[in-house]
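# Summary of structural features
Listed below are the residues making up each chain.
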Amino acid sequence: MKETDSMVNSEPGAHIEEWLHSCIRCGTCKYQFLEYEASCPSGEHFGFETYFASGRIWLARGLQTNQIQWDDSLLQSIFACTTCGACEVQCHAPHRGHIIDIIEDLRRIAVENVGALEAHEKFRNYVEEYHNPYKAEHHSRELVQEHNLPETAENVLFVGCTSNYRETQIRDATISVLKKAGVDFTIVDEFCCGSPLLRTGQNKSVNELMQHNADAIRSSGAKQVITSCAGCFRTLSKDYSELGLKLDVEFIHSSEMFRDLIRAGNLRVISSASDLNITYHDPCHLGRHMGVYEIPREVLSQLPVSVIEMKKNRDNAWCCGAGGGAKSAYEEMAISTGKARVQQAMETGAQKIVSACPFCTRNLRDAAGSDEIDVIDLAELVDELTVGRKPLSQSP
Amino acid sequence: MEIKQRLMKIVGPERVADGAAEKHVYSYDMTENPSLPPSLVVMPQTLEEVQQIVQAANTTKTPLIPFVTGQSVGGLTIPAVEGAVIVDLKRMNRIIEVDEEAMYVLVEPGVTFGHLKKYLDDHHPTLRYTYPLAPPYTSVLANALLEGLCDLSTRHGAMADFINGLEAVLPTGEVVRVGTGASGEGNWFSRYPLPDLVGLFAGWQGMTGIVTKMALQLWPKMPFNRHVGLLCFGEEPTIRMLTRIARTQVLDDSVCVSTPLVKMVSGVAAPVELYDGEPDYGMLLTVSGNTETEVSEKINVIRRIVNEERETDSRHVLISWEGLMKLMGDQWGPFVDLPSEMYKVLAEHDGLTWVGTYIHPKYWKTVLEEGRAIVEKYGFELIANLKAMKGMHFGEFKFIFRFPKDDDTVKRVRECNAELLDLALSYGAIPYKTPVWAAKKLQERLDPNFVMLMRRVQRALDPNGIMNPGRWGLDERD
Ligand SMILES: Cc1cc2nc3c(=O)[nH]c(=O)nc-3n(C[C@H](O)[C@H](O)[C@H](O)COP(=O)(O)OP(=O)(O)OC[C@H]3O[C@@H](n4cnc5c(N)ncnc54)[C@H](O)[C@@H]3O)c2cc1C
Ligand code: SF4
Ligand code: SF4
């Protein structure tokens, strides 16, 4: 641990206290403003006022002011939320940018008072034991040998657990793209970034994970950390700095790297015209949480595909359903939310849904089931439709 | 069988909730009115489910409270008795029919203003409904039942006047229709010349049944519209100008507010004060017409009145739409196209309240002057809100409070609202969307036989006293 790393972990309840007297339950966060399109996946699924942002804010206030006492029955409303942030886009009240902070604060206090949900506790234990929430054999460094990567490099590819242990095609495609573009990169001995824990109120072990990752990144000598996981991207670049980590590197999402590599000519787009119609799904953690909407679209615009936007896009995008611990604890809500998104995608006539987050890809594919639409990640599409700098005939 | 089991059988277990979270969240609203938790919440989706819920509640004598979004600003969905079941109607949200010829829309309770506006703009662009200053997602049907006021009320009156007819589940479980729709489908063109039984439901705050459909009047969307602003000084000239202008019948809508509200909309941060030399009131007046000339002539009518008033006090100023945008900021453009973001100035804190009243025009000025003194005494932001109603047959009068719901402020708000209500009642004003405490004060001033008649109607319709019991202060059984 470096002396410069001050481990700030704001007191649970600080956000609730700051916004104690906000939210009149005007309901504006329920719908896309003036469009009357549902906006809150959890409220849409369960229907009761308790499952919209306002219900959670009112609960937070009730608990903070001792109007209600802790009780197991509160947990469902507190945790059955994908933390998608759509409510923050629709709300017009002064606390609009802090609703997720309030919900996550409420979750931390819930964990302290009643304990985590069983499903969440399970993955926390796995993270602690296996350094990933999937109980998979930890193996990041083996990738270094497998792909013949250097010990130190300008860039670190932070693979992320879902890519590394579940959606491995995303990991492989990302590595393939970086290699063929000649990017100087390596992979470090990464632990889970901590996102699943932070999103589910289990903040305690996050400092340790963060410190391990910080040390690993430092020892690589990298100036830049690339990740193709929207959740990791948010956690590395936003949560770590809020937790007080000072790391002299830049965190970027892989879409930014892809865009720049294509622009610089390090990646050349296969020029053959394609009649592939795709639609782009904005991951909540990349879009609403980090404000990255256009970069993935710029990548897509450089590829030989036609992009047809879904009606709900960018900051009004409908969530895939998986975030905030919903996939593990509220599978039915996660799938019904994902199905709604798949339906929106199918209405565009696209053959593929392209996302930029392994977690979205996974849940949307689960939701699509046997529907006539593929779900892939941007990295896979880029890998498929580009070659390296060398002329086509000479490429390996 | 317990009521919970009965309800779960009717709607399925996933649409019945009785956790601590639901009991808390449905136990209060944004007002200062005291909270009381319901025993559970049920969410029907069809008329048949509503009917079965009412029948089950009769068997167990369980109080039922219809709820759509809980934004009456009158505490009307807060249970007034223990053990109540909230009937959350938000999932009954179909726009069933728009009749272009007879110009009406048939809606279910869950349809909100935002929903309706979007639907009409997309599918029936020549027709319009009328919209409140409320957030976009409040119930159109509940708003009409509550006799509120929207942006055609200066022309057409309180919202219940827009009702052509309705379908309701009576407290005893029968489904009834009133208005011409009682004669068959697709025929909701009027509530007359039948006995006007809409009155059995409008203004009753959910005590006489659950309304499951309502036919509401739409109006042609005029091709030309214009807004003008009027800044004025002093209560007497303000009311005189508003009254004179409204009586010319050129207005679609009139909103007259204390200047601090104008400043809030223009982005001034809370708490907003009124400084010496600033106009006391700002009005937004809306006119429409079939031609630009018609609109211009209507504006000339307004201008003539203002010019006459300016001979006594030249500080009153009529401002064109363009001038208004320059003065107040571009955000005013989309704001005045209701429902809009405009409501957000009232969403500053978790508390919002008012005692809204309708009043005889002759007392409007006095009540405004004396009300202002009360609000100033309590040190709250000055947010008077007035509307000329139904071509100036009557006026709307209220002071709005946006406030943090800490104990001290809630106490002050209660005292101030009580004083304002006493004042209004002393001038014969009648409060709308009355919380129980206000209804009780009102009852003291009403002819006892009127109260007796209300009780008799309510008991005839609801022998088991299950529908929103305690509302209107009609709880005492004598
Ligand atoms: C910031 C703000 C500004 C507002 N401005 C205005 C305004 O300018 N003009 C105006 O008129 N209103 C205004 N309102 C109030 C709001 O528009 C109305 O309260 C709303 O339309 C009623 O709908 P609701 O969903 O809140 O009803 P709820 O609060 O859910 O219900 C209101 C009452 O109606 C009863 N009820 C509901 N549904 C039924 C049913 N189906 N059958 C029988 N009884 C039923 C309930 O039991 C309750 O007594 C404002 C509110 C806010 C928060
Ligand atoms: S969170 Fe914002 S939009 Fe939602 S009810 Fe509260 S104030 Fe309204
Ligand atoms: S974060 Fe998403 S799911 Fe959670 S309350 Fe907000 S809109 Fe609903």
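Residues numbered from 1 in each chain as written. Chains lettered and ligands numbered in written order. Predicted model: local features only at pLDDT ≥ 70, side-chain atom pairs only at ≥ 80, totals over all residues. Heavy atoms only, no water.

### Looking at the site of ligand 1
All names here are of chain B.
- By nearness alone, 37 residues border ligand 1, and Pro 66, Val 68, Thr 69, Gln 71 and Leu 149 come closest of all.
- Leu 76 has a polar backbone atom sitting 3.5 Å from an oxygen atom of ligand 1.
- Taken together, the elements giving at least two residues each to the shell around ligand 1 come down to strand S3 (64-67), helix H5 (140-145), strand S10 (210-217) and strand S16 (351-354).
- Looking at the shell around ligand 1 residue by residue, the class counts come to 23 nonpolar, 13 polar and one charged. (Near = heavy atom within 4 Å. Polar contact = N/O pair within 3.5 Å; in protein donor to acceptor, adjacent residues only side chain to side chain. Helix = DSSP H or I, 4+ residues; strand = E, 2+ residues; numbered from the N terminus. Nonpolar A, V, L, I, M, F, W, Y, C, P; charged D, E, K, R; others polar.)

### Focus on helix H4 (residues 113-123) of chain B
- For H4 of chain B, the set of buried residues is Phe 113, Gly 114, His 115, Leu 116, Lys 117, Lys 118 and Leu 120 of chain B.
- Contact partners of the buried residues in H4 of chain B: strand S5 (95-99), strand S6 (104-107), strand S7 (127-128) and H5 of chain B. (Buried < 20%, exposed > 50% of the residue type's maximum accessible area, 1.4 Å probe, protein only. Contact = heavy atoms within 4.5 Å.)

### Some words on the interface of chain B and chain A
- In this assembly, 48 residues from chain B lie in contact with 40 residues from chain A.
- Of the roughly 3400 Å² buried where chain B meets chain A, counting both sides, 61% is carbon and sulfur surface.
- Here chain B is connected to chain A by three salt bridges.
- Put simply, Glu 49 of chain A and Lys 90 of chain B hold a salt bridge, and the shortest N to O gap is 2.9 Å.
- The interface formed by chain B and chain A includes 19 residue pairs in polar contact (both at pLDDT 80 or more).
- Those elements that provide at least two residues to the side of chain B that touches chain A are strand S1 (16-17), helix H2 (20-25), H4 and S16 of chain B.
- Looking at which element gives the most residues to the side of chain B that touches chain A, the answer is H2 of chain B, with five residues. (Buried area = accessible area lost by both parts, 1.4 Å probe. Salt bridge = Lys/Arg side-chain N within 4 Å of Asp/Glu carboxyl O.)

### A closer look at the sheet that holds strand S9 (residues 306-307) of chain A
Residue and element names in this part refer to chain A.
- Here we have four strands laid out as an open sheet, ordered S9-S8-S10-S11, and parallel in their pairing. Each edge of the open sheet carries a strand with a single partner, namely S9 and strand S11 (374-377).
- The pairing of strand S8 (residues 277-280) with strand S10 (residues 352-355) spans three bridges and is parallel. Following the sheet pairing, Ile 278 is matched in S10 by Lys 352. (Pairing = 2+ DSSP bridges.)

### A word on the layout of surface pockets
Residues and elements named next belong to chain A.
- Estimates place the volume of the second largest pocket at around 630 Å³.
- Lining of the second largest pocket is provided by 33 residues; of these, Pro 133, Tyr 134, Thr 162, Pro 196 and Phe 359 occupy positions nearest its centre.
- Of all elements in the fold, only helix H7 (118-130), helix H9 (161-165), helix H11 (195-198), helix H13 (230-242), helix H16 (326-329) and helix H18 (358-368) reach the threshold of two or more residues within the lining of the second largest pocket.
- The greatest single-element share of the lining of the second largest pocket, amounting to four residues, is contributed by H7.
- Taken domain by domain, the makeup of the lining of the second largest pocket includes at least three residues from each of domain 2 (137-261) and domain 3 (266-388). (1 Å grid on protein atoms, 1.4 Å probe; cavity = no way out; pocket = protein on both sides within 12 Å on 5 of 7 lines; lining within 4 Å. Points joined across faces, edges and corners; volume = space filled by probe spheres on them. Domains from an automatic or database assignment.)

### Focus: the domain arrangement of chain A
All names here are of chain A.
- The assigned domain composition of chain A is domain 1 (5-115), domain 2 (137-261) and domain 3 (266-388).
- A combined buried area of about 1100 Å² lies between domain 1 and domain 2, and 40% of that area is made up of carbon and sulfur atoms.
- The interface formed by domain 1 and domain 2 includes one salt bridge.
- For Arg 199, the salt bridge identified is with Glu 104, shortest N-O distance 2.6 Å.
- At the surface where domain 1 touches domain 2, the tally comes to two residue pairs in polar contact (both at pLDDT 80 or more).
- If one sorts the elements of the side of domain 1 that touches domain 2 by residue count, helix H6 (residues 99-113) sits on top with four residues.
- For the side of domain 1 that touches domain 2, a count of residues per class yields four nonpolar, three polar and four charged.

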